[in-house]
Amino acid sequence: MTLVGRPAKRYAQALFELAGETGQVEAVLRDLDALGRQLGKHSELSGFMDDYQIPRPRRDGILRKLFEGHVSALTWRFLLLLERKRRLGILSGICEWFRHLHNRARGVAQVSLAEAFPLERPQAERLTEQIQASQGRPVELTVKTDPALLGGFLFQIEDKVYDHSLAGRLQAMRRQFAGM
């Protein structure tokens, strides 16, 4: 999980608390998960979020077309607040933090797995079971392929990273030889 800095965390925390008070956590979570996926897929959307050289009336029109009526009322008001504060550029981080807060509230550990080559389904299930057993709680696993690892995998459980990759081993050997 690559969580973005303090502003994203503060906005996500405020939204999470408000959504909790109004019984809308699941609806906002669905909205933010969808927004996060769209931001990851479409670089133009990410670029727009942080481009405040676009005149405000035009930005408002684009935001209305994209989101008004497509997200919950609370999420829409939140997006308008971010726009007013010129903080839409951190929306991706807010989405990640909101998911993190939701999982923590449910007692679920967030685990990110980067693998050099896609694992076969039985291997991935076995690895997930091992991680769950080590954590003593359910986990939410996010998987991505990263050929730069050369082989093996790297996983992050909340803020702790476990590197079982060939690239990581080679780097450790370089450091060891450099220290001789």
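Residues numbered from 1 in each chain as written. Predicted model: local features only at pLDDT ≥ 70, side-chain atom pairs only at ≥ 80, totals over all residues. Heavy atoms only, no water.

**Observations regarding the overall build of the chain**
At step 1: The helix and strand tally for the chain stands at eight helices and four strands.
At step 2: When the helices and strands of the chain are read in sequence order from the N terminus, they spell out α-α-α-α-α-α-β-α-β-β-β-α.
At step 3: Across the 180 residues in the chain, those meeting the buried criterion constitute 35%.
At step 4: Partitioning the intrachain contacts of the chain with sequence separation of at least 6 by distance along the chain shows that 68% fall at a separation of at least 24.
At step 5: A gap of 5 Å separates the mean positions of the 27 positive and 21 negative side-chain charges of the chain. (Helix = DSSP H or I, 4+ residues; strand = E, 2+ residues; numbered from the N terminus. Buried < 20%, exposed > 50% of the residue type's maximum accessible area, 1.4 Å probe, protein only. Contact = heavy atoms within 4.5 Å. Lys, Arg positive; Asp, Glu negative; His and termini not counted. Charge placed at Lys NZ, Arg CZ, Asp CG, Glu CD.)

**Concerning the confidence of the model for the chain**
At step 1: Mean pLDDT over the chain: 89, with 98% of residues reaching 70 or higher.
At step 2: Mean pLDDT across the elements of the chain bottoms out in strand β2 (residues 139–145) (83) and peaks in helix α5 (residues 73–84) (96). (pLDDT = per-residue confidence, 0-100.)

**Here's the deal with helix α1 (residues 6–21)**
At step 1: With 16 residues, α1 extends 22 Å between its outermost C-alpha atoms, agreeing within 8% with the 22 Å of an ideal straight helix rising 1.5 Å per residue.
At step 2: Close packing links the buried residues of α1 with α2 (25–41), α5 and α6 (91–106).
At step 3: Immediately beyond the C-terminal end of α1, within one or two residues, lies Gly 23, with a positive phi of roughly 70 degrees. (Expected span 1.5 Å × (residues − 1).)

**Brief notes about the pairing of strand β3 (residues 152–157)**
At step 1: Where strand β1 (residues 109–115) meets β3, five bridges bridge the pair, whose relative direction is antiparallel. Across the sheet, Ser 112 pairs through a bridge with Gln 156, a residue of β3.
At step 2: In the sheet, β3 pairs with strand β4 (residues 160–165) via six bridges, with the strands oriented antiparallel. Note on β4: the bridge partner recorded for Ile 157 is Lys 160.
At step 3: Joining the antiparallel neighbours β3 and β4 is a turn of two residues, in which Glu 158 adopts a positive phi near 55 degrees. (Pairing = 2+ DSSP bridges.)

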